[in-house]
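Observations on the model geometry
The lines below spell out each chain.
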Amino acid sequence: MNVKRVIANLVVHLKQFSREKSTIFFVLAFPILLMLLFGFIFSDVGSSVGTLYIQDLDGGAYSQGLVGAFNGTGVFDVTMVDTNISPDQYYADNNIDILLVIPAGYSDSIYMKLLDPASPEANLTILYDQSNTNTQTKISIVGSVIDGMNKELSGSVNYIGVDLQGQQSDEFKFIDFFAPGIIAMSVMSSSLFGTVGMNTELRQKGILRKLATTPLTRAEWLLSNILYQMFMSLLSTVCILAVGMGMFGLRPHINIYMFVFILLCVFSFAGIGMLITRFVKEAESAQAAANAVMFPMMFLSGTFFQLEMMPDFLQTLARFLPLYYVNEGLRAAMISLDYSIILESALVIGTFGTVVFMLGVMLTSWKEN
Amino acid sequence: MADDVISVKDLVKVYDDVRAVDGITFAVEKGEVFAFLGPNGAGKTTTVEIIETIRDATSGEVSILGMDVKKNRTEILKRIGVLPQEFSSFDRLTVEETLKYYAALFCTDCDINKLIDLVNLEEHRKKLYINLSGGLKQRVGIAVSLVNDPEIIFLDEPTTGLDPRARHDVWEVIKGLKKEGKTIFLTTHYMEEAEVLADYIAIISKGKIIAYGTTTELIDKHFKTVKVTIKGGTEGVGSLAEKMGMPTQGRDNGNITIEASGNEQIVEFLNALKANNISYLSMDIRKPNLEELFLVLTGEALIDKRVTQ
Ligand SMILES: Nc1ncnc2c1ncn2[C@@H]1O[C@H](COP(=O)(O)OP(=O)(O)O)[C@@H](O)[C@H]1O
Ligand SMILES: [Mg+2]
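Residues numbered from 1 in each chain as written. Chains lettered and ligands numbered in written order. Predicted model: local features only at pLDDT ≥ 70, side-chain atom pairs only at ≥ 80, totals over all residues. Heavy atoms only, no water.

Bringing the overall build of chain B into the picture now. Each helix and strand in chain B was counted, giving 11 helices and 14 strands. Along the three orthogonal principal directions, the C-alpha set of chain B runs to about 75 × 45 × 35 Å. Taken across its 309 residues, chain B has 53% of its residues classed as buried. Across chain B, contacts joining residues at least 24 apart in sequence account for 66% of those joining residues at least 6 apart. In the structure as shown, chain B presents an accessible area of about 14200 Å², 48% of it carried by carbon and sulfur atoms. (Helix = DSSP H or I, 4+ residues; strand = E, 2+ residues; numbered from the N terminus. Buried < 20%, exposed > 50% of the residue type's maximum accessible area, 1.4 Å probe, protein only. Contact = heavy atoms within 4.5 Å. Areas by Shrake-Rupley, 256 points an atom, 1.4 Å probe, with all protein chains shown as cover.)

Let's shift gears to helix 6 (residues 164-179) of chain B. Helical geometry: 3.6 residues make up each α-helical turn, so side chains three or four residues apart lie on a common side. Residue and element names in this part refer to chain B. Given a rise of 1.5 Å per residue, 16 residues ought to cover 22 Å, and the 22 Å separating the end C-alpha atoms of helix 6 matches this to within 8%. Taken together, the buried positions of helix 6 are Ala 166, Arg 167, Val 170, Trp 171, Val 173, Ile 174 and Leu 177. Buried residues in helix 6, looked at end-on, bunch into an arc of 160 degrees, giving them a common side. Structural note: helix 6 exposes Pro 164, Arg 165 and Lys 179 on the side pointing more than 90 degrees away from its buried face. Among the structural elements, helix 4 (112-118), helix 5 (134-144), strand 7 (152-156), strand 8 (183-188) and helix 7 (191-197) are those in contact with the buried residues of helix 6. Positioned one or two residues after helix 6, Gly 181 has a phi angle of 85 degrees, which is positive. (Expected span 1.5 Å × (residues − 1). Arc of directions from axis to C-beta.)

What follows deals with the domain arrangement of chain A. Domain parsing of chain A yields domain 1 (3-42 + 172-363) and domain 2 (50-161). Inter-centroid distance (C-alpha atoms) of domain 1 of chain A to domain 2 of chain A is 48 Å. (Domains from an automatic or database assignment.)

What follows deals with the coordination of the magnesium ion (ligand 2). For a metal with four donors in a tetrahedral arrangement, the ideal angle between donors is 109.5 degrees, while six donors in an octahedron ideally sit at 90 or 180 degrees. Binding of the magnesium ion (ligand 2) to the protein goes through Thr45(B) (OG1) and Gln85(B) (OE1), at separations of 1.9 to 2.2 Å. Here Thr45(B), found in helix 1 (residues 44-51), pairs with Gln85(B), found in the loop between strand 6 (80-83) and helix 3 (95-106); they are 40 residues apart in sequence, far enough to count as distant. (Donors = N, O, S within 2.8 Å, 3.2 Å for Na, K, Ca; no water.)

Bringing the nonpolar core into the picture now. By size, the foremost hydrophobic cluster in this structure holds 128 residues, and its most contacted members are Leu211(A), Trp221(A), Leu330(A), Leu99(B), Tyr101(B), Tyr102(B) and Ile142(B). Among the elements that take part in this core, helix 7 (residues 174-204) of chain A stands out by supplying 14 residues, more than any other. The contact partners of Tyr101(B), leaving out residues within four places of it in the chain, are Ala8(A), Asn9(A), Val12(A), Leu211(A), Leu216(A), Trp221(A) and Phe90(B). Of all hydrophobic cores here, the second largest spans 28 residues; its members include Ile6(B), Phe26(B), Val69(B) and Phe154(B). (Core = buried A, V, L, I, M, F, W, Y, C linked by side-chain atoms within 4.5 Å.)

What surrounds ligand 1 is a group of 13 residues, the closest being Gly41(B), Gly43(B), Lys44(B), Thr45(B) and Thr46(B). In this structure ligand 1 sits where residues from chains A and B come together. In the environment of ligand 1, a nitrogen atom lies 3.4 Å from a nitrogen or oxygen atom belonging to the side chain of Tyr15(B). Separating a nitrogen atom of ligand 1 from a side-chain N or O atom of Arg55(B) is a distance of 3.3 Å. Taken by itself ligand 1 offers 560 Å² of open surface, and the protein chains cover 68% of this. (Near = heavy atom within 4 Å. Polar contact = N/O pair within 3.5 Å; in protein donor to acceptor, adjacent residues only side chain to side chain.)

Glancing now at the packing of aromatic side chains. The tally for this structure, following the rule as stated, stands at 17 aromatic pairs over all chains. Ring centres of Phe295(A) and Phe299(A) lie 6.4 Å apart, and the angle between their planes is 15 degrees; on these two criteria the pair is classed as stacked. Placement of the pair is Phe295(A) and Phe299(A) together in helix 11 (residues 283-300), with a separation of 4 residues, close to one helical turn. According to the relative accessible area criterion, Phe295(A) is partly exposed, its value standing at 38%. With a centroid separation of 5.5 Å and an interplanar angle of 90 degrees, the aromatic rings of Phe90(B) and Tyr101(B) are classed as edge-to-face. (Phe/Tyr/Trp six-rings, centres within 6.5 Å; stacked < 30°, edge-to-face > 60°.)

Attention shifts here to the pairing of strand 1 (residues 51-56) of chain A. All names here are of chain A. Here strand 1 lies mainly inside the structure; 6 of its 6 residues are buried. Taking every second residue as pointing to the same face, both faces of strand 1 are buried, with Thr 51, Tyr 53 and Gln 55 on one and Leu 52, Ile 54 and Asp 56 on the other. Of the pairings in the sheet, the one linking strand 1 to strand 2 (residues 77-80) comprises 4 bridges and is parallel in character. In the sheet register, Ile 54 faces strand 2, and the bridge partner there is Met 80. Of the strand pairs in this sheet, strand 1 and strand 3 (residues 98-102) are connected by 4 bridges, and their pairing is parallel. Bridge assignment links Ile 54 to a residue of strand 3, and that residue is Leu 100. (Pairing = 2+ DSSP bridges.)

Moving on: the environment of Gly360(A). Residue and element names in this part refer to chain A. Looking at the secondary structure, you find Gly 360 in helix 14 (residues 339-363). With 88 residues separating them in the primary sequence, Gly 360 and Ile 272 have C-alpha atoms 7.4 Å apart. Setting aside its immediate chain neighbours within four residues, Gly 360 contacts Met 274 and Leu 275.

Residues and elements named next belong to chain A. Where nonpolar side chains cluster on the molecular surface, the patch consists of Leu 234, Met 245, Ile 254, Ile 256, Tyr 257, Phe 259, Val 260 and Tyr 339 and spans about 710 Å² of accessible area. If you list the elements that add at least two residues to the nonpolar patch, you get helix 9 (218-248) and helix 10 (256-279). The dominant element in the nonpolar patch, judged by the number of residues it contributes, is helix 10, at 4 residues. Along the polypeptide, Met 245 turns up in helix 9. Take Met 245: its relative accessible area is 32%, and that puts it in the partly exposed class. (Patch = residues over 30% accessible without salt bridge, like charges linked within 9 Å, V, L, I, M, F, W, Y side chains within 5 Å. Salt bridge = Lys/Arg side-chain N within 4 Å of Asp/Glu carboxyl O.)

Take the interface of chain A and chain B next. Contacts between the two partners involve 27 residues from chain A, matched on the other side by 33 residues from chain B. Counting each side, the surface lost to burial between chain A and chain B is near 2800 Å², with a carbon and sulfur contribution of 58%. In terms of surface lost to chain B, no three residues of chain A exceed Arg209(A), Lys210(A) and Lys367(A), which account for 23% of the buried area on that side. The tally of links between chain A and chain B comes to 5 salt bridges. For Arg209(A), the salt bridge is made with Glu49(B), and the minimal N-O distance between the two is 3.0 Å. (Buried area = accessible area lost by both parts, 1.4 Å probe.)

All names here are of chain B. Overall, antiparallel pairing links the 4 strands, which are arranged 2-1-4-5 in an open sheet. On the outer flanks of this sheet lie strand 2 (19-29) and strand 5 (67-68), each paired with one strand and no other. Inspection of the sheet shows strand 1 (residues 4-14) paired to strand 4 (residues 59-64) by 5 bridges, in the antiparallel sense. Considered in strand 4, the bridge of Lys 9 is made with Glu 61.

Right, let's talk about the pattern of salt bridges for a bit. Think of it this way: side chains of opposite charge can pair up when their charged atoms draw near. A full pass over the atoms with the stated rule returns 24 salt bridges over all chains. Between Arg19(B) and Asp22(B) there is a salt bridge; the shortest N-O distance is 2.7 Å.

Another point: the side chain of Ser145(B). Within the fold, Ser145(B) resides in the loop between helix 5 and strand 7. Here the side chain of Ser145(B) touches Ile142(B) through a polar contact of 2.6 Å, landing on its backbone oxygen.

Turning our eyes to something else, we now look at the sheet that holds strand 7 of chain B. Residue and element names in this part refer to chain B. If you trace the 6 strands from one edge of the open sheet to the other, you get 6-7-8-3-9-10, paired in mixed fashion. The outermost strands of the open sheet, each flanked by one partner alone, are strand 6 and strand 10 (208-214). Going from strand to strand, the sheet's axes swing by 15 degrees on average, the running direction of each strand aside. Sheet topology note: the strand 3 (residues 33-37)/strand 9 (residues 200-205) ladder contains 4 bridges and is parallel. (Axes fitted to C-alpha atoms, helices over the stretch in contact; angles between N-to-C directions.)

Next comes the structure, spelled out in structure tokens:
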């Protein structure tokens, strides 16, 4: 293994890529367009804007004044919640994103505070969805309303305190669900088609035959290809995250696990690509074979739909598809941080990737028959 | 022999149902230009690629620079230069970058400028490969095959598909290499190319060598006669030629082809036409081509018309 040769190859691939405007466009535009498309179709932007749920357990003069103040902003569509239900229960059952709880004794606390500034503040509780940027906006509006009330009451001392209780929703928003799926799919398609495309093109042009007459070894060549595919995959991942975070309130965990899954995905599908070009020499048939691998994966391994929505036999089938484990693993890594899923998925896709890649290395050779 | 840099013995290569190379034996001497001349499908590429270590022979012994091709691949590749058939390179690298890339693969500090100079590409060095004409691309390919300062250079059909002008430019480059004393293994299906460049020619057909010798020997033996085609001649051309002892062929549409033993006989014949008041529309003189040679050597016409230029 000669590092200089690996780098020389990598540089050639990067130069070729950066000088071809149409490839740049397709590599970057495809994932971005998918994100935009699914983002706009499924995002719930607008559906709950302005709704503020309030449970008034106090029912006193000051609590009514506060509700009035929220109504008066004109920003919120205030919905009062039945006082007999526990707030946590209500929050969880109704799939809402923000619930302001005015505790019993709120008005009394304010009276006390007015009489004796040293007495404790009147505390409000807010349950809200941390992961939703739309909710963050609501929180800040709620905060400014409360500030206003405080000023009105005293000028300086805080009469009303806020206890923010962020809720981790276990019902993910769709963006949380599909962003990792789209990353997995883009990494799969760019590694698979990138490898198949590069190999068939270079074979057709006779460049592989020329390379066979140089000291470049097969392993050096494959390694530089993998490094290149990784670069491309990271590039499209960055695009997807930028669109998701910038436009649709995606707040993923960006951690080492995420990179591990992307890397394993590159290995697996670049490996499959190598095997395809090993056995299918003709360019168009190789493309067709790559499509035949990709499409079932795309639709059956839970990229766009939650698998629970699919019939049982399809759910079982999905467990045989490598992309399923990339999807599961990336979702666990980026959203839920469920370590048992991270570990299990990494093991499966790691084993698969290693086997496929090794086969690719062993079965392909520079020599023609 | 001590000076043989390539020696091939009883080489056979069988593909699924084709005997592409059918037991050939030959040797190439150091410093010579050796031409492998034959039509498409004769087995030229198969043979060179076996010598270049990138294909495996079915049987036979091949050694290059004293090394067995089956055992010393890495060492051999360092010491040979290859221009594959239909060479092509990365579209979006410049000439200069292409050379640097291949030099990096050999890990040699080769003098790119000298190479660019040698193949006469100075004014094109910053151009992308994709924007070069066919002839320039081939010259890049030849330069690439030289990055490791090889002892033997293989050029597999270096001028196929080029226009005559570009072909002559490539010939000049090859003559330059020859002057530097490199051993060159050239394959071609152009008779003229072999004649202009080669010291030694082996003619291959259907996997077998059917004639070989130094270029002068071969030409004296097979290409001495000259063919004269008279078009639109009046009555009596044929009988006059026969009277002068020259064989005739193809008397149709008033065209007739006459085989002369050399230029003097043509002059004699033309004078005789004048003396006999025989007129004609046009006249065409040429040497017999590879196709005709094949007809003589194998009794079979070549199917591939490209061979006839
Ligand atoms: N990889 C291959 N598989 C099967 N047949 C081949 C292969 N390469 C060449 N052939 C056949 O072998 C014969 C010789 O081919 P080749 O060596 O390319 O001839 P040339 O270079 O003289 O044109 C042809 O009939 C060709 O079709
Ligand atoms: Mg050939």
